[in-house]
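One-letter residues, chain by chain:
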Amino acid sequence: MNPDPACRRVSGAPYRFRPAAALLSAILAGTPGAGGVAADRLSPALTISGDIGHFTDPGSKTYTISLPSLASMPQSNITTATDWTPKGTFSGPLLRDLLAKAGARGTQVKFYGADDYSITVPIADFSRYDVILAWRWNGKPLQLENYGPFWVMYPIPTMPSDETGGTFTSKLIWQVTRMEVR
């Protein structure tokens, strides 16, 4: 079920946390209970599948990029407010660059969030606008409990107002864990 974006928050927190998500968040934060494993070895990763030409795992035909690899790509900043956050600066690589790295050949991307939300977005959006896959907000890495590890962010202040109304905010998917190119 894809809840309405306005319903995807409760008291400022992302919609529907699950115990597994809370455990993952604790592990990624390096808190007790992580089993003695260093948090950097468990840093978030993003998996891209579907109509792609480059694979990190040819057997499963997927391209997985770790947070350190994503952070080493050229980064862009978008300063904006959203329906869920005050004005701040989001940072991350351009989605078109990330898709090029995976050899994307489709016309759409379906994004999947850790909270079971998903949305399909035309790839043309990423050429038309400098859309990023944000992993930092105001200089701090996004965590699961604050919309991370990855959040699709459009340059809202530079977009025509007639393109940011209606269901536009449903494209601002947070807690992204994987992408499927179609």
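*Asks:* Can you help me understand unusual backbone geometry in this one?
*Replies:* The general pattern is negative phi for most residues beyond glycine and trans for most peptide bonds. Across the junction of Gly148 and Pro149, the peptide omega takes the value 15 degrees, indicating a cis bond. Within the fold, Pro149 resides in the loop between strand S11 (140–141) and strand S12 (151–153). We note that Lys61 has phi near 55 degrees; this positive angle belongs to a residue other than glycine. Positionally, Lys61 belongs in the loop between strand S3 (45–50) and strand S4 (63–66).

*Asks:* Explain the pairing of strand S7 (residues 108–113) to me, please; I cannot follow it from the model alone.
*Replies:* Sheet faces and side chains relate simply in a regular strand, where the side chains alternate between the two faces. A large share of S7 lies buried, amounting to 5 of its 6 residues. Inspection of the sheet shows S7 paired to strand S8 (residues 118–122) by 5 bridges, in the antiparallel sense. Opposite Gln108, over in S8, you have Pro122 as the bridge partner. Where S7 meets strand S13 (residues 176–181), 5 bridges bridge the pair, whose relative direction is antiparallel. Looking at the pairing, Phe111 lines up with Met179 of S13.

*Asks:* So what exactly am I meant to see when it comes to the nonpolar core here?
*Replies:* Generally speaking, soluble globular proteins have nonpolar side chains that are buried together. By size, the foremost hydrophobic cluster in this structure holds 45 residues, and its most contacted members are Leu98, Phe111, Phe126, Trp151, Tyr154 and Met179. Setting aside its immediate chain neighbours within four residues, Trp151 contacts Thr82, Trp84, Thr85, Phe90, Ile132, Leu133, Ala134, Leu142, Leu172, Ile173 and Trp174.

*Asks:* Help me understand the sheet that holds S4, please; the structure alone is not making it clear to me.
*Replies:* The strands making up a sheet associate through backbone hydrogen bonding, with each pair oriented either parallel or antiparallel. With mixed pairing, the 5 strands of this open sheet are ordered in space as S4-S3-S13-S7-S8. Two strands in the sheet have a free side with no partner beyond their single neighbour: S4 and S8. Taken over all neighbouring pairs, the strand axes of this sheet differ in orientation by 20 degrees on average, direction set aside.

*Asks:* Would you mind going over the packing of aromatic side chains with me for this structure?
*Replies:* For any pair of aromatic rings, the description rests on two quantities: the centre-to-centre distance and the angle between the ring planes. Under the criterion given, the structure shown has 9 aromatic pairs. Considering the side-chain rings of Trp84 and Trp174, the 4.8 Å spacing of their centres and the 80 degrees angle between planes classify their relative orientation as edge-to-face. In this pair, Trp84 is assigned in the loop between strand S5 (76–80) and strand S6 (88–92) and Trp174 in the loop between S12 and S13, connecting sequence segments 90 residues apart. The exposure class assigned to Trp84 is buried, which follows from its relative accessible area of 9%. Taking the relative accessible area as the measure of exposure, Trp174 reaches 0% and is therefore buried. Aromatic side chains Phe111 and Phe126 sit 6.2 Å apart centroid to centroid with 80 degrees between the ring planes, which places their arrangement in the edge-to-face category. Here Phe126 lies in helix H4 (residues 124–128) and Phe111 lies in strand S7, a separation of 15 residues in the sequence.

Criteria and thresholds
- For every chain, the first residue of the written sequence is number 1, and numbering continues from 1 along that sequence.
- This being a predicted model, a pLDDT of at least 70 is required before a residue's local features are given, and a value of 80 or more before pairs of side-chain atoms are given or counted; all residues contribute to the totals for chains, interfaces and linings.
- The side-chain values count all of the structure's non-hydrogen atoms but skip hydrogen atoms and water molecules.
- A run of H or I in DSSP counts as a helix once it spans at least four residues, and a run of E counts as a strand once it spans at least two, with each numbered from the N terminus.
- Exposure categories follow from relative accessible area, calculated using a 1.4 Å probe and restricted to protein chains: below 20% of the type maximum is buried, above 50% is exposed, and the middle band is partly exposed.
- Paired strands, in this sense, are two strands between which DSSP finds at least two bridges.
- Among buried residues, the Ala, Val, Leu, Ile, Met, Phe, Trp, Tyr and Cys ones that are joined through side-chain atoms within 4.5 Å form a nonpolar core.
- Whether two residues are in contact is decided by their heavy atoms, any of which lying within 4.5 Å being enough.
- Only the contacting stretch of a helix is used when fitting its axis, a line to C-alpha atoms as for every element, and angles between N-to-C directions run 0 to 180 degrees.
- The aromatic pairing rule takes the rings of Phe, Tyr and Trp, using the six-membered ring of Trp, and pairs them if the centres are within 6.5 Å, calling planes under 30 degrees apart stacked, those over 60 edge-to-face and the rest tilted.

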